[in-house]
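# Coordinate analysis (summary)
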Amino acid sequence: MQGGDIYVSRAPGRLDVMGGIADYSGSLVLQLPLRQACHVALQRQASAPGEGEPMLRIVSLGARDGQRACRFEMPMRLLGTTEQPLDLQAARALLTRDPATSWAAYVVGVVLVLAHEAPESSPLAGGAGLAVLIESDVPEGRGVSSSAAVEVAAMSALAAAFGATRLASDGAALALACQRAENRVVGAPCGVMDQMASALGREGALMALLCQPCQFQGTVEVPEHVSLIGISSGERHSVSGSDYGAVRTGAFMGLKLVQQACECRGQPQPRCLAQVSPEAWDAGLGAVCPAELSGAEFLRAHGEHLDDVTGVDPLETYAVRMPAEHAVREHGRVCEFARLLAAGPSEDQLERLGELMLASHASYGACGLGSPGTDRLVELVREERRRVARRGQRQVLHGAKITGGGSGGTVCVLASGGEEGVIAAGRVADLYRMERLGRGMESDFGAGIGNGVGGAPLTGKEQDGAAAPPTQCSILPEEARPGAAFLGSSNGALEFGVVRLRLPRAPSARRG
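All right, on to empty space enclosed by the protein then. Tallied over the entire structure, the rule returns 1 cavity of 30 Å³ or more. What lines the largest cavity is Tyr24, Ser25, Ala251, Phe252, Leu255, Cys272 and Leu273. Its residues assigned to classes, the lining of the largest cavity shows 6 nonpolar, 1 polar and no charged.

This part covers the confidence of the model for the protein. The predicted model of the protein averages 86 in pLDDT, with 85% of residues at 70 or higher. Contacts of residues 444-487 to residues separated by more than four positions or lying in other chains number 139 contacts, the stretch itself having pLDDT below 50.

Put simply, the second largest pocket is a space of about 540 Å³. In this structure, the second largest pocket is lined by 25 residues; those nearest its centre are Tyr24, Gln179, Pro213, Arg248 and Asp308. Elements with a contribution of two residues or more to the lining of the second largest pocket: α5 (171-186) and α7 (244-264). With 5 residues, α5 is the largest single contributor of residues to the lining of the second largest pocket. Residues belonging to the lining of the second largest pocket are distributed by class as follows: 11 nonpolar, 7 polar and 7 charged.

Let's shift gears to the nonpolar core. Counting residues in hydrophobic clusters, the biggest one holds 91 residues, and the most contacted among them are Ile58 and Val108. Per element, the largest residue contribution to this core is 10 residues, and it comes from helix α3 (residues 146-161). Once you skip the residues sitting within four places of it in the chain, Ile58 turns out to touch Cys70, Arg71, Phe72, Trp103, Ala104, Val107, Val108, Val132 and Ile134. Counting 29 residues, the second-largest nonpolar core is a separate cluster that includes Trp281, Phe298, Tyr318 and Leu369.

Glancing now at the pairing of strand β11 (residues 397-402). The buried fraction of β11 amounts to 6 of the 6 residues, a majority that puts the element mostly inside the structure. Relative to strand β12 (residues 410-416), β11 runs antiparallel, the two sharing 5 bridges. Bridge pairing in β12 places Leu397 opposite Ala415.

Let's shift gears to the packing of aromatic side chains. A complete count under the given rule lists 2 aromatic pairs for this structure. For the ring pair Tyr24 and Tyr244, a centre distance of 5.8 Å and an interplane angle of 90° mean the geometry is edge-to-face. With Tyr24 in the loop between β1 (2-18) and β2 (28-46) and Tyr244 in helix α7, the pair connects residues that are 220 residues apart, well separated along the chain. Each member of the pair, Tyr24 together with Tyr244, is buried. Among the aromatic residues, those joined into a cluster by ring pairs are Tyr24, Tyr244 and Phe252.

In this section: the side chain of His305. Secondary-structure assignment places His305 in the loop between α9 (295-302) and β10 (317-319). When its relative accessible area of 7% is taken as the criterion, His305 is described as buried. For His305, the side chain forms a polar contact with the side chain of Thr310, separated by 3.0 Å. In this view, His305 contacts Thr249, Phe252, Met253, Lys256, Phe298, Thr310, Gly311 and Val312; residues no more than four positions away in its chain are not counted.

Following Gln212, the chain continues to Pro213 via a peptide bond in cis, the omega torsion being -5°. The backbone of Ser145 sits at a positive phi, close to 65°, despite the residue not being glycine. Along the chain, Ser145 falls in the loop between β5 (129-136) and α3. What makes Ser145 buried here is its relative accessible area of 8%. Even without being glycine, Ser407 reaches a positive phi, approximately 55°. Tracing the chain through its elements places Ser407 in the loop between β11 and β12. Judged by relative accessible area, Ser407 falls into the buried class, the value being 1%.

Before going further, it helps to examine the side chain of Ser121. Within the fold, Ser121 resides in the loop between α2 (105-117) and β5. Within polar-contact distance, the side chain of Ser121 engages the backbone oxygen of Phe162 at 3.4 Å. Apart from the residues lying within four places of it in its own chain, the contact partners of Ser121 are Leu114, Phe162, Gly163 and Ala164.

For helix α11 (residues 347-367), with 21 residues, the first-to-last C-alpha span of 31 Å sits near the 30 Å given by 1.5 Å per residue. Backbone geometry just downstream of α11 places Gly368 in the positive-phi region, at approximately 95°.

Looking now at the pairing of β12. β12 sits mainly inside the fold: 7 of its 7 residues count as buried. Where burial is concerned, the two faces of β12 agree: the one with Thr410, Cys412, Leu414 and Ser416 and the one with Val411, Val413 and Ala415 are both buried. The sheet contact formed by strand β8 (residues 226-232) and β12 spans 7 bridges and is antiparallel. Note that in β12 the partner of Ile231 across the bridge is Val411.

A separate point is the environment of Ala342. As for its position among the elements, Ala342 is in helix α10 (residues 321-342). Residue classification places Ala342 among the exposed positions, given a relative accessible area of 63%. Separated by 122 residues in sequence, Ala342 and Val220 place their C-alpha atoms 7.2 Å apart.

In this model, helix α12 (residues 372-390) (19 residues) spans 26 Å end to end at C-alpha, consistent with the 27 Å of a helix rising 1.5 Å per residue. Taken together, the buried positions of α12 are occupied by Gly373, Thr374, Leu377, Val378, Leu380, Val381, Glu384, Arg385, Arg387 and Val388. Packed against the buried residues of α12 are β8, α11, β11, β12 and α13 (419-437). Downstream of α12 by one or two residues, Gly392 has phi in the positive range, about 70°.

In this section: the packing of α2 against α5. Taken N-terminus to C-terminus, the directions of α2 and α5 make an angle of 115°; their axes are 8 Å apart at the nearest point. For the crossing formed where α2 meets α5, the hand is right-handed. In this structure, α2 contributes Ala105, Tyr106, Gly109, Val110, Val113 and Glu117 to the contact, and α5 contributes Ala177, Cys178, Arg180, Ala181, Glu182, Val185 and Val186.

Calculation rules
Residues numbered from 1 in each chain as written. Predicted model: local features only at pLDDT ≥ 70, side-chain atom pairs only at ≥ 80, totals over all residues. Heavy atoms only, no water. 1 Å grid on protein atoms, 1.4 Å probe; cavity = no way out; pocket = protein on both sides within 12 Å on 5 of 7 lines; lining within 4 Å. Points joined across faces, edges and corners; volume = space filled by probe spheres on them. Nonpolar A, V, L, I, M, F, W, Y, C, P; charged D, E, K, R; others polar. pLDDT = per-residue confidence, 0-100. Contact = heavy atoms within 4.5 Å. Helix = DSSP H or I, 4+ residues; strand = E, 2+ residues; numbered from the N terminus. Core = buried A, V, L, I, M, F, W, Y, C linked by side-chain atoms within 4.5 Å. Buried < 20%, exposed > 50% of the residue type's maximum accessible area, 1.4 Å probe, protein only. Pairing = 2+ DSSP bridges. Phe/Tyr/Trp six-rings, centres within 6.5 Å; stacked < 30°, edge-to-face > 60°. Polar contact = N/O pair within 3.5 Å; in protein donor to acceptor, adjacent residues only side chain to side chain. Expected span 1.5 Å × (residues − 1). Axes fitted to C-alpha atoms, helices over the stretch in contact; angles between N-to-C directions. Left-handed = near helix turned anticlockwise from the far one by under 90°.

Here it is as structure tokens:
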């Protein structure tokens, strides 16, 4: 096997601060790129005569839980040709048959999307194989976008290796291509905010994205007097309540009902629910959305809904009003959050930011996307606030909310900057962990130190002679112990770039 140069890329996970599931409804979203990241090393490999056909080989160094294989191989010919790449739907059926290796769809998916969308840079050209090595410390199933980190890192390396200059230089185009891989090949109906945060995030700031459909709004600095702390509930996604796909379907059903109502009233039709104001919703548009509606009844009366990555199942009954209302009100909450964060520091500012987060969390629950663990973490934050109020002390925890797709995963906690915020969040994490240990469970905790300052323990005591005020957040890898503090954010894949390792060529054999 003759290997070419090696391309190394890096893409971080993200903490969903505000916006979450409203991304597919056109909302503004605010995302923090985490310190934890996925690294991908990619190499083109040409088969020497007699060595067999070219192969796609993927090795994941993070497959330590025994739930999945650490290695995946398939002949390149099964992916089709430059002229006719394998259909994405067919790839989904092929790659998701075996749960032990279905994780490879995240990588194979971006290979195929690149082949379809940039045939001049197709990884299927030239008759060579591919070797891909993945190493990630973004914890899986915790709502911090481990999948987006893999996709963005893999696509970045592919774009560099095969000369896809537009994807290599345009973070939004790269993120959208990765989203298509996850929608079409993996089969997950995600929005684009995760991939955008992983591609375009900046250390020490929240990536702002207006999802109509993908308008990058730059970044919002996280001021020094604010800490954003992620605490994992220890619960994987979809452990209770309605699942993400059903809530998304219900939201798009609601959008169609609202559009039809606007058409009947001679009013402009919104393209997405985020374009419906809370005032218009309260004035009558919300009333056109029933609390629940069967798929069969919806299809019979209204036809297909407006989402191209989910379908309406005639045998299912969907919540409609709350998923739609969440999108309408969440956009307003996120816009206010961004404005407040940019304002000068004050106690009123922090308290209102916390109120917005708590309202978002409650709305997730009303949609059916809460979970016992995340609800308990938010309640522990409230209990800590009540304890502080009884003592007449200054509040340092201001709010909390479930993140990402909901139904488990991670809670984002808003705290005052400085050591006090870390200590208070540490008390919440410790109480939660003790409760879980009593039931034979554990949680993961991470607090972040931003702006390049070294880490500190949750107690705020000095470590190696130094301690520093936290300003951002981070999520510990699953195998890490609760109680440590880490750098909270990092640059996205576009800023990191791709490192090309040029390997020396083997000398030609001399003839005697």
